[in-house]
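Summary of the model geometry
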Amino acid sequence: MYEFIQHLINGLAVGTIYALVALGYTMVYGVLKLINFAHGDVMMVGVYVGYAVAFLLGREAMGGLGAALLVFAVSMAACALLGFVIERFAYRPLRDKSRLTALITAIGISFALSYGFQLDFKVTVGGAEVTVLPGAAARRFPELIRPQEWLVLGDNDVIIWNWQVISFGIALALLAGLQVLVYRTRFGKAMRAVSHDHKVAALLGIPVDTVIAVTFMLGSALAAGAGILYAIKDKTIQPLMGVMVGLKAFVAAVIGGIGNLPGAVVGGLLLGLCEEFIVGYTASSWRDAVAFGFLIVVLLFRPEGLFGRVQAEKV
Amino acid sequence: MRVHVVAAVAALSVLGLGCERKPTTAEPVKPPETAGKDKPKPADAKPADSAVILLGEVGSLTGSEAAFGVSTQNGIELALEEANAAGGVKGKKLAVRVYDDQSKPEEAAAATTRLITQDKVVAILGEVASSNSLAMAPIAQEAKVPMVSPSSTNPKVTEVGDYIFRVCFIDPFQGFVMARYAHEELKFKKVAILTDKKSAYSEGLTEVFQRKFAEMGGKIVGVEAYAKGDTDFRAQLTNIKKLKPEGLYVPGYYQDVAIIAEQARELGLKVVMMGGDGWDSEKLFELGGSAVEGSFVSNHYSADDPSPRVQDFIKKYQAKFGAVPDSLAALGYDAANVTIEAMRRAPDLSGPSLRAAIAATRDFPGVAGTITLDEKRNPVKPAVVLTIEGGKFKYKSTIAP
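For the structure given in this document, a descriptive report is provided here. (Residues numbered from 1 in each chain as written. Chains lettered and ligands numbered in written order. Predicted model: local features only at pLDDT ≥ 70, side-chain atom pairs only at ≥ 80, totals over all residues. Heavy atoms only, no water.)

1. Concerning a nonpolar patch on the surface
Residue and element names in this part refer to chain A.
- Taken together, the side chains of F121, V123, V125, V130 and V132 present a nonpolar region at the surface, about 390 Å² in accessible area.
- Among the elements of the structure, strand 1 (120–125) and strand 2 (128–134) are those that each provide at least two residues to the nonpolar patch.
- Looking at the nonpolar patch, the element that brings in the most residues is strand 1, giving three residues. (Patch = residues over 30% accessible without salt bridge, like charges linked within 9 Å, V, L, I, M, F, W, Y side chains within 5 Å. Areas by Shrake-Rupley, 256 points an atom, 1.4 Å probe, with all protein chains shown as cover. Salt bridge = Lys/Arg side-chain N within 4 Å of Asp/Glu carboxyl O. Helix = DSSP H or I, 4+ residues; strand = E, 2+ residues; numbered from the N terminus.)

2. Focus on the environment of G257 of chain A
Residue and element names in this part refer to chain A.
- Locating G257 in the fold gives a position in the loop between helix 9 (241–256) and helix 10 (261–281).
- Expressed as a C-alpha distance, the spacing of G257 and R186, which sit 71 residues apart in the sequence, is 25 Å.
- Contacts of G257, omitting those with residues within four sequence positions, involve T26, E304, G305, L306, F307 and G308. (Contact = heavy atoms within 4.5 Å.)

3. Focus: the sheet that holds strand 7 (residues 219–226) of chain B
Residue and element names in this part refer to chain B.
- The strand order across the open sheet formed by seven strands is 7-6-8-9-10-13-14, and the pairing between neighbours is mixed. One side of each edge strand has no neighbouring strand; the edge strands of this open sheet are strand 7 and strand 14 (393–399). Each adjacent strand pair in this sheet contributes to an overall mean axis angle of 25°, direction not counted.
- Note: strand 6 (residues 190–196) against strand 8 (residues 247–249), three bridges, orientation parallel. Looking across to strand 8, one finds that A192 is bridged to L248.
- Against the sheet, helix 10 (residues 234–243) makes contact with strand 6, strand 7 and strand 8, and its axis sits at roughly 170° relative to strand 7, the strand it touches most. (Pairing = 2+ DSSP bridges. Axes fitted to C-alpha atoms, helices over the stretch in contact; angles between N-to-C directions.)

4. Considering the packing of aromatic side chains
- For the structure on display, the rule yields 22 aromatic pairs over all chains.
- Their ring planes at 10° and their centres at 6.0 Å tell us that F277 of chain A and Y281 of chain A sit as a pair that is stacked. Of the two residues, F277 of chain A and Y281 of chain A are both situated in helix 10; the distance of four residues between them amounts to about one turn of the helix.
- Overall, F277 of chain A belongs to the partly exposed group, its relative accessible area being 21%.
- Taking 4.9 Å as the distance between ring centres and 70° as the angle between the ring planes, the aromatic pair formed by F68 of chain B and Y254 of chain B counts as edge-to-face. With F68 of chain B in helix 4 (residues 66–85) and Y254 of chain B in helix 11 (residues 254–266), this pair connects stretches of sequence that are 186 residues apart.
- Judged by its relative accessible area of 2%, F68 of chain B is buried.
- Owing to a relative accessible area of 3%, Y254 of chain B belongs among the buried residues under this scheme.
- Members of the aromatic cluster, each reached through a chain of ring pairs, are Y48, Y51, F55 and F117 of chain A.
- R88 of chain A extends its terminal NZ or CZ atom over the ring of F89 of chain A, reaching a point 5.6 Å from the ring centre. (Phe/Tyr/Trp six-rings, centres within 6.5 Å; stacked < 30°, edge-to-face > 60°. Buried < 20%, exposed > 50% of the residue type's maximum accessible area, 1.4 Å probe, protein only. Lys NZ or Arg CZ within 6 Å of the ring centre and 35° of its normal.)

Printed below as a string of structure tokens:
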């Protein structure tokens, strides 16, 4: 029983991160019909920005609420900016070209980010050495939340840590915020209109370019948030960390029905739990095979994904 | 619009091409982007007439085992610098051409082909990871270019052919050392294993440890697997916790091991961890923090070794790179020195004569133990067991074959 609870906690922790990253895929697909393969790497950039902020704040500041909020805010803002730049300079010029062109560009950006970040590049400004690119070696992410046991079940059988609870809360808050933004605001309405048909939306006076740019920024900011949660959870960060998470989140988005917001969340949680229970109750070497096998099965029976057609409204 | 695209592409290509490191004697190039584009200098085209003798090196300078590749390269660089200061070989200076394989076997194979066909190197040094060496060895064997691996411990590496050598002990021995230590010194009865199923190294150690520990009368209560690059090991560790082992054998690489240790503590799994030389990197302490304290590992050499040969090496290495050399650096240094010494003895530097000279290595005073190559081109030498105390490796004991 205790293991089941432990597996459930582990699976939920992974699943919420997949869900947050999957949302970015699904939002961008909604407005652009583009699979933004650089999304996982944007998450990685967000983590490194968070790392830099935490580093500048210093070890003493860690554990404080202000420091944690600052790390999240700066990292999300920086990624929003990065999302904007990528959309503006890499995807927008290609919007009228074939979809394949944009897809290849996305893969190119993904490689440029993940391998670019493996360079060691430092500049000296006024006597101080500033690291511009971090280099390939893994680093330890600072402890944003001082670890404390929150709940212990049985004889140390299951330990739930404070940061697990807080991370889960933050993930839920981000999801709720997005839900309100998309379904309760004017901008959300415009976004949904663009996703329905951006030509008609443009005719009705909706600034399509702006909506697409903001969608990218939102998706990237969510990825940064997810990235920080991921770094809090697994503590080690390195430039290739976004690749597998990005791929899994993409699978989650497709399982849920790409373009569909609740679908991405359900897909993410489902994939996270599924992976965890596969390792927990069958052979541990099956994890990735099952994740991608799951995708094939879902697509065989529901090519549009779990939520693809039930909810016709796309974002 | 067009200008933006051009600017973006230009920015990307700068990023891509910038992946070159610049050590003094080396000129590394990343194979995929530049392959075929850069014209070999005249010196490389006809090495026989040129003033330098070119060695090749394939290493993981980026990717998940980057710390290994960089340490090894430092060791090789130091050895070459010393050899050149001593007048080089046969009146010529030595240089090494390094290609980064990004810790990927397919890149390592491509780099090997390039070193042989394009750069026409006399011998190849590398790789650290057995999976990468196994991708390189058939190519070197086919071309009759001697290859000396500094630290690939999987037995299959040198079994590829008579041109493939190594300067480190092999997995069966390392697995045996830890099994014996766990049984005799730590007195463990129940041990679980967490193995990297994607790595030939990890699988090799697991197989031997499992067999030897059982033969000695211990019990392996469970074997769980992960894949290199995973960052969440909680599911496997939750399963292991249920089995209540006294020890956990994790023959993986430092980056994964650090995360595993951390997550084991998080799940409340109180168990002594054990591992192999894959743990050996300063990064282990940075990433794993206090979670790796009290663990035991088998290794090639210890920086605590008082012998003047080792201390002298440490002093020179520290002066040049500002860090205490790990065993990867020591083995890189040994691999380069074994090759250089054989080059001095060989009548000429053609593949077959150099091969024969390396194979004849006897009682070579390496910093990671005295090297005598057996008929299978593997050295016979003892291993050390280290423990982790206060964020450092401490020498525990030496176990001879």
